[in-house]
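Secondary and tertiary structure notes
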Amino acid sequence: VQLQASGGGLVQAGDSLRLSCAASGGTFRNYDLGWFRQAPGKEREFVAHIRRGGGSTVYASSVKGRFTISRDNAKNTVYLQMSSLQPEDTADYYCAAASGIIYSSIGVPSSYHYWGQGTLVTVSS
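Residues numbered from 1 in each chain as written. Predicted model: local features only at pLDDT ≥ 70, side-chain atom pairs only at ≥ 80, totals over all residues. Heavy atoms only, no water.

**Brief notes about the sheet that holds strand β7 (residues 67-72)**
Taken in spatial order, the four strands make up an open sheet running β1-β3-β8-β7, and their pairing is antiparallel. Unpaired on one side and paired on the other, β1 (2-6) and β7 mark the two borders of the sheet. On average, each strand axis in the sheet is tilted by 15° relative to the strand beside it, whichever way the strands run. Examined bridge by bridge, β1 and strand β3 (residues 17-24) share five bridges and lie antiparallel to one another. When the bridges of β3 are listed, serine 6 appears paired with serine 20. (Pairing = 2+ DSSP bridges. Helix = DSSP H or I, 4+ residues; strand = E, 2+ residues; numbered from the N terminus. Axes fitted to C-alpha atoms, helices over the stretch in contact; angles between N-to-C directions.)

Next comes the structure, spelled out in structure tokens:
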């Protein structure tokens, strides 16, 4: 499956932004999906995950209550709605897909088989 992320940009602290990730070439509904981010000089970190099937979600503690991951299987797209953005949210954001993933590994980048290119989110103070 190929993933194409979009929606990044420059915003001010407190603003909202929605990222999208469109998938092609696979059966979208069969994939577990995740969002990760990577700030300059830092390792890639887990942001959010949404299961195939029922679509249960998991969030990193740093974004819980501010970010919402969702998916539209009819549009083959996963979203990341971000609100109350802060400068520390500045990073390249990546979407990822896995054809099967155990719960304990959803935050591990190597558990995902497919990756989109990053979309840059910059939050100014």
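**Structural notes on the side chain of arginine 51**
Relative to the assigned elements, arginine 51 resides in the loop between β5 (45-50) and β6 (57-59). Side-chain polar atoms of arginine 51 contact the side chain of aspartate 32, separated by 3.0 Å. A polar atom in the side chain of arginine 51 sits 2.7 Å from the backbone oxygen of isoleucine 101. Beyond its immediate chain neighbours, meaning those up to four positions away, arginine 51 contacts Asp32, Ser56, Arg71, Ile101, Ile102 and Tyr103. (Polar contact = N/O pair within 3.5 Å; in protein donor to acceptor, adjacent residues only side chain to side chain. Contact = heavy atoms within 4.5 Å.)

These figures come from the coordinates and say nothing about function on their own.
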